[in-house]
Amino acid sequence: MVDRRPTIHVSFDGVEYEAFVGESVLECARRVGVKIPSLCFLEGLSVWGGCRVCVVEIAEGHRLRPACATTCVADMEIKTETPRLRAYRKSILELLFAEGNHVCAVCVSNGNCELQDMAVHCGMDHVRYDTQAPKREIDASHPKYIFDPNRCILCTRCVRVCDEIEGAHVWDISYRGESAHLITEMNKPWGESLSCTWCGKCVAVCPTGSLAYQGRAIGEMEHDPAMIKRLAVARNRHEWLYPEEAK
Amino acid sequence: MTRARIATAWLGGCSGCHMSFLDMDEWLFELADVADLVYSPIADVKVFPEDVDVTFVEGALANEDNLREARHIRENSRLVVAFGDCAVSGNVTAMRNPLGDPIEIVKAVYVDAPDRDGQIPKKEGIVPPLLPQVLPIHKAIRVDAFLPGCPPPADRIQAALEALLEGALPPNRGEAIRWG
Ligand code: SF4
Ligand code: SF4
Ligand code: SF4
Ligand code: FES
């Protein structure tokens, strides 16, 4: 199907591209093959713009903008790799690690973690900031899944997928600032939730070891965030089976 | 050619990083051709010497001895490498930090546990007091390079040593800096 949306010109690091009107900087970059790192963004879900890993510089005024939450405008000059951006992205990663309790060596997601991969990508070899070492309780009450908030980066992928794709809205963020944390269904243990359908979508999309299947040992948890793109595409096209599966 | 003076130290860690060091296997012979291991838990040397070129420090700072030793190492080493995740981030050693005052943990383990004799081990000059929070070594001393991994794989340690012997800092990009 040919996309007939009107286009405008934008440039990434000095190279001109055509962007669709209304497209975000990140969507356009992904489509034309320009690499911008991201964490909270997930194709198929609404935009959250919370992690700030996707910052880019907009030439005019050198403003920093989250690529996922910035709409392309005509003749926008976007820089995706500058020393300033590299420094900011690395600081953001360090802050994410300092904020929770990340002990990769004993984590279910060790070696299969988007946060860990992003730290490698951004050149984080240590954390300069003081780690907060917060005390957070694990919720292991669900028969199938386990939630370890020590590794949660509040990307809200689970909140969004459960609300927007599954339609159950089990997850929410409670409190503000450093007290902000996830809750399940009016702050009841997940296992007592009546609205959870056990669909596993929140577990599939989590970029960290925070949500996992029960019984997984160190490094055994692999997530499947691409599943949401398949579902979202199918929903937009009113196909309830993915083409290969329909055969 | 002058031989490089290399040291390794073992603070609040499990010694896994040193096991990984030994995993360099036959390359250790090549290392021995160009460098001397002047201090290490795997060498019978009691006192940390002066004038060390590079020291690989395994483990976090968990007690007052660790802190004293780290400072002494810093004063006597041209370069200090944080060797493994505990030295780099606190890692497993720092998992007690969220629980707060360490005396409560010691009590739970040595006094309240049913099969214990109800005493907190302490002997001045022998059992060092625990620090209130476990720290990665760069919180107390200047660190020149970070070598993450739990433990760092042998080829990562070898690449670091090869760079250092050439007068460069260890690689700090890509997979060389992955934690875990
Ligand atoms: S969630 Fe990722 S970064 Fe955090 S401890 Fe687990 S593997 Fe490491
Ligand atoms: S398993 Fe499904 S319904 Fe239950 S919390 Fe996760 S996304 Fe929501
Ligand atoms: S549990 Fe996972 S998906 Fe949900 S907010 Fe935390 S890191 Fe994101
Ligand atoms: S990916 Fe854009 S703010 Fe998180």
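The rules behind these values
Residues numbered from 1 in each chain as written. Chains lettered and ligands numbered in written order. Predicted model: local features only at pLDDT ≥ 70, side-chain atom pairs only at ≥ 80, totals over all residues. Heavy atoms only, no water. Helix = DSSP H or I, 4+ residues; strand = E, 2+ residues; numbered from the N terminus. Buried < 20%, exposed > 50% of the residue type's maximum accessible area, 1.4 Å probe, protein only. Contact = heavy atoms within 4.5 Å. Lys, Arg positive; Asp, Glu negative; His and termini not counted. Charge placed at Lys NZ, Arg CZ, Asp CG, Glu CD. Buried area = accessible area lost by both parts, 1.4 Å probe. Salt bridge = Lys/Arg side-chain N within 4 Å of Asp/Glu carboxyl O. Pairing = 2+ DSSP bridges. Axes fitted to C-alpha atoms, helices over the stretch in contact; angles between N-to-C directions. pLDDT = per-residue confidence, 0-100.

*Asks:* Got a sec to walk through the overall build of chain B? Specific residues and values, please.
*Replies:* A tally of helices and strands in chain B yields six helices and seven strands. Across chain B, helices and strands are ordered from the amino to the carboxyl terminus as β-α-α-β-β-β-α-β-α-α-β-β-α. Based on the C-alpha atoms only, the size of chain B along its principal axes is roughly 55 × 35 × 30 Å. Burial statistics for chain B: of 180 residues in total, 47% are counted as buried. Long-range contacts, defined here as pairs at least 24 residues apart, represent 78% of the contacts in chain B between residues at least 6 apart. Positive and negative charge centroids in chain B, built from 17 and 27 side chains respectively, lie 7 Å apart.

*Asks:* Got a sec to walk through the interface of chain A and chain B? Specific residues and values, please.
*Replies:* Counting residues at the interface gives 23 residues for chain A and 21 residues for chain B. Both sides of the chain A and chain B interface together cover about 1800 Å² of buried area, and 64% of this is carbon and sulfur. Per-residue buried area on chain A facing chain B is highest for V120(A), D125(A) and H126(A); these three make up 32% of the total on that side. There are two salt bridges connecting chain A and chain B.

*Asks:* Quick one: what's the story with the sheet that holds strand β2 (residues 35-39) of chain B, residue by residue and with numbers?
*Replies:* Residues and elements named next belong to chain B. Spatially, the five strands line up as an open sheet ordered β2-β1-β3-β5-β7, and their pairing is parallel. Of all the strands in the sheet, just β2 and β7 (145-147) have a single pairing partner and so form its edges. With strand direction ignored, the average angle separating the axes of adjacent strands in the sheet is 30 degrees. Two elements, strand β3 (residues 52-58) and strand β5 (residues 77-83), share six bridges in a ladder whose sense is parallel. Bridging from a neighbouring strand, F56 pairs with V81 of β5. Running at roughly 90 degrees to β2, helix α2 (residues 27-34) makes contact with β1 (4-10) and β2 of the sheet. Relative to the sheet, helix α3 (residues 64-76) contacts β1, β2, β3 and β5, its axis offset from that of β5 by approximately 135 degrees.

*Asks:* Give me the lowdown on the confidence of the model for chain B, citing residues and values where you can.
*Replies:* For chain B, per-residue confidence averages 96 on the pLDDT scale, and 99% of positions sit at 70 or higher. For this predicted complex, the interface confidence reaches an ipTM of 0.94, while the overall pTM sits at 0.94.

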